[in-house]
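Residue-level structural notes
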Amino acid sequence: MPVIETERLLLRMFRPDDLDELARLFSDPDVLRYVGDGKPVNREETDKALKSMIKHWTTHGFGRWAAVDKNTREFVGLGGLRSLLGTPEVVYHLAKAHWGKGVATELARASLRFGFEEHHFERIVAIAKPDNGASIHVMEKVGMSYEMHTNYYNIDVIQYAITRDGFQPGAMTYLLKQ
């Protein structure tokens, strides 16, 4: 399975022994404020999510990585691509200690590059609740454009998108290891 190194991050496959770190992330009400029903997730639900993320790679050939600080090996969060009703969607969730440092942008840009260069997707979307200004800002920083207000799984969201032709990776550090 692919591993990506960026300037500050190591994006690696999730493993069953990541459950403690993921449970800590998913138990933080601030981290999950704009996710699903906005409530923290218990350990059992986190374990199901972890298994689902691992399986997604086998089913779709892409998925979400554990994002780890390249120097300290600290768990930073998660991000990558998932299938949103058959359309690739870029996602990112970070521990609060890593907010406001450009890490989500770095993670999203690497995920987009992987999707366009390795999977040759024509288009990738991102969704956010309308009041999640930080996530919307990341979408705009990586070159995504507003498409519409919509509803997925009974949750009102705004959707942004970017095409392969419109994606500009810039001078980012990106090392893919297969």
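For the structure, check the block above.
About the cut-offs
Sequence positions are assigned chain by chain, starting from 1 and proceeding in written order. Local features are withheld for residues below a pLDDT of 70 in this predicted model, meaning they are given only at 70 or higher, and side-chain atom pairs are given and counted only at 80 or more; totals for whole chains, interfaces and linings count all residues. Calculated side-chain values reflect all of the structure's heavy atoms, with hydrogen atoms and water omitted. Relative accessible area decides the class of each residue, using a 1.4 Å probe on protein chains only: under 20% of the type maximum gives buried, over 50% gives exposed, and in between gives partly exposed. Only runs of H or I of at least four residues qualify as helices and only runs of E of at least two qualify as strands under DSSP, and these elements are numbered from the N terminus. The arc in question is formed by the directions pointing from the helix axis toward the C-beta atoms. It only takes one pair of heavy atoms within 4.5 Å for two residues to be counted as in contact. Residues grouped as a nonpolar core are buried Ala, Val, Leu, Ile, Met, Phe, Trp, Tyr and Cys residues, joined through side-chain atoms within 4.5 Å. Note on method: axes are straight lines fitted to C-alpha atoms, helices fitted across the in-contact stretch only, with angles between N-to-C directions ranging 0 to 180 degrees. By convention the crossing between two helices is left-handed if the near helix lies anticlockwise of the far one by an angle smaller than a right angle, and right-handed if it lies clockwise. The classification used treats Ala, Val, Leu, Ile, Met, Phe, Trp, Tyr, Cys and Pro as nonpolar, Asp, Glu, Lys and Arg as charged, and all other residues, Gly among them, as polar.

A word on helix 1 (residues 19–26)
Taken residue by residue, helix 1 has Leu19, Leu22, Ala23, Leu25 and Phe26 as its buried positions. Summarising the axial view, the buried residues of helix 1 lie within an arc of 160 degrees, below the 170-degree limit, and thus occupy one face. Structurally, helix 1 contributes buried residues whose contacts are with helix 2 (43–60), strand 4 (75–84) and strand 5 (87–94).

With respect to the nonpolar core
With 36 residues, the main nonpolar core has Leu11, Val90, Leu112, Phe114 and Met144 as its most contacted residues. Elements supplying a minimum of two residues to this core: strand 2 (9–12), strand 3 (64–69), strand 4, strand 5, helix 3 (103–118), strand 6 (123–128), helix 4 (133–141) and strand 8 (155–163). Looking at which element gives the most residues to this core, the answer is helix 3, with eight residues. With residues near it in sequence (within four places) discarded, Leu11 still touches Pro2, Val3, Ile4, Trp65, Ala66, Ala67, Leu107 and Ala110. By size, the runner-up hydrophobic cluster in this structure holds 12 residues, among which are Phe14, Leu22, Met53 and Ala66.

With respect to the packing of helix 1 against helix 2
At a closest axis distance of 9 Å, the pairing of helix 1 and helix 2 adopts a crossing angle of 120 degrees. Where helix 1 crosses over helix 2, the handedness of that crossing is right-handed. Together, Leu19, Asp20, Leu22, Ala23 and Phe26 of helix 1 and Arg43, Thr46, Asp47, Ala49, Leu50 and Met53 of helix 2 make up the contact between the two elements. The residue inventory of the contact of helix 1 with helix 2, partitioned by class, reads seven nonpolar, one polar and three charged.

In short, the description is geometric, and any link to function would need to be established separately.
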